[in-house]
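Residues per chain, in single letters:
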Amino acid sequence: MTTSRRYLLSVAAVAAAVAGLSLVLPAEPARAVRLALGVALIVQGPLGWWLVRTIGTERFLWAWAIGIGARLTVVAACALVVVPQLGTPLEPTLFALVAVLIAFVVIEAGVARPGREGTEVR
């Protein structure tokens, strides 16, 4: 399995698990979890794909650092602007957003782990 395919399948699995969790939660927390998942996927999509494409290159560390900075910025923007404007409960939204983003970073670490097929330096 290619690195890109492994990454996409892993992100899809996390997204499906979080979406499934939102189906069993009460209305307000479920709305918060769905919002967090949507924001995380919008941010993670391009950032994660960019990181996967830089595995094994000298740009990898820069891509990783920019991605972490972007994720922190998104969490701050959600806390200060997005969530209050939408009237979604702050705590469950931010908790879910951070949890999903951490899960995606763990996926990136697993995909980029040295010694895996496709992770050698180019």
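Here, every reference points to the structure presented above.
What you see is a predicted model, and the numbers here were worked out from it, not measured in a lab. (Residues numbered from 1 in each chain as written. Predicted model: local features only at pLDDT ≥ 70, side-chain atom pairs only at ≥ 80, totals over all residues. Heavy atoms only, no water.)

> How do you make sense of helix H1 (residues 3-24) when you look at a structure like this?
Helical geometry: 3.6 residues make up each α-helical turn, so side chains three or four residues apart lie on a common side. Spanning 22 residues, H1 covers 32 Å between terminal C-alpha atoms, matching the ideal 32 Å at 1.5 Å per step. If you check which residues of H1 are buried, you get Thr3, Ser4, Arg6, Tyr7, Val11, Val14, Ala15, Val18 and Ser22. Residues of H1 that are buried make contact with helix H2 (27-54) and helix H4 (90-112). (Helix = DSSP H or I, 4+ residues; strand = E, 2+ residues; numbered from the N terminus. Expected span 1.5 Å × (residues − 1). Buried < 20%, exposed > 50% of the residue type's maximum accessible area, 1.4 Å probe, protein only. Contact = heavy atoms within 4.5 Å.)

> Mind showing me how you'd approach the environment of Trp64 here?
Its location among the elements puts Trp64 in helix H3 (residues 60-86). The partly exposed category is assigned to Trp64, whose relative accessible area is 38%. Here the alpha-carbon distance between Trp64 and Gly48, two residues 16 residues apart in the chain, equals 8.8 Å.

> Please explain the nonpolar core as it appears in this structure.
Within the largest apolar cluster, 28 residues are counted, with the highest numbers of intra-cluster contacts made by Val39, Cys78, Leu97, Phe104 and Ile107. Taken together, the elements giving at least two residues each to this core come down to H1, H2, H3 and H4. Among residues more than four places away in sequence, those in contact with Leu97 are Ala36, Val39, Ala40, Val74, Val75 and Cys78. (Core = buried A, V, L, I, M, F, W, Y, C linked by side-chain atoms within 4.5 Å.)

> Looking at this model, I keep getting lost on the pattern of salt bridges. Mind explaining?
Opposite charge on two side chains lets them pair, provided their charged atoms get close. Using the criterion set out here, one finds two salt bridges in the structure. Of the charged contacts, one joins Arg31 and Glu28 as a salt bridge, the two residues approaching to 3.8 Å between their closest N and O atoms. Taken as a pair, Arg31 and Glu28 lie in helix H2 at a separation of three residues, close to a single helical turn. Assessed through its relative accessible area of 34%, Arg31 is described here as partly exposed. The class of Glu28 is partly exposed, set by a relative accessible area of 39%. (Salt bridge = Lys/Arg side-chain N within 4 Å of Asp/Glu carboxyl O.)

> Can you help me understand the environment of Thr57 in this one?
Residue position: Thr57 is located in the loop between H2 and H3. Accessibility expressed as a relative area gives 17% for Thr57, which makes it buried. Separated by 32 residues in the primary sequence, Thr57 and Pro89 have C-alpha atoms spaced 41 Å apart.

> Explanation requested: the packing of H2 against H4 in the structure shown.
For any two helices packed against each other, the geometry comes down to the angle between their axes and how far apart the axes lie. Running from N to C, H2 and H4 cross one another at 25°; their axes reach a closest spacing of 8 Å. As judged from the angle between their axes, H2 and H4 are roughly parallel. Note on packing geometry: the crossing formed by H2 with H4 is right-handed. Across the interface between the two elements, Ala32, Val33, Leu35, Ala36, Leu37, Val39, Ala40, Leu41, Gln44, Gly48, Leu51 and Val52 of H2 pack against Pro92, Thr93, Ala96, Leu97, Val100, Leu101, Phe104, Glu108 and Val111 of H4. Taken together, the residues that form the contact of H2 with H4 break down as 17 nonpolar, three polar and one charged. (Axes fitted to C-alpha atoms, helices over the stretch in contact; angles between N-to-C directions. Parallel < 35°, antiparallel > 145°, perpendicular 65-115°, else oblique. Left-handed = near helix turned anticlockwise from the far one by under 90°. Nonpolar A, V, L, I, M, F, W, Y, C, P; charged D, E, K, R; others polar.)

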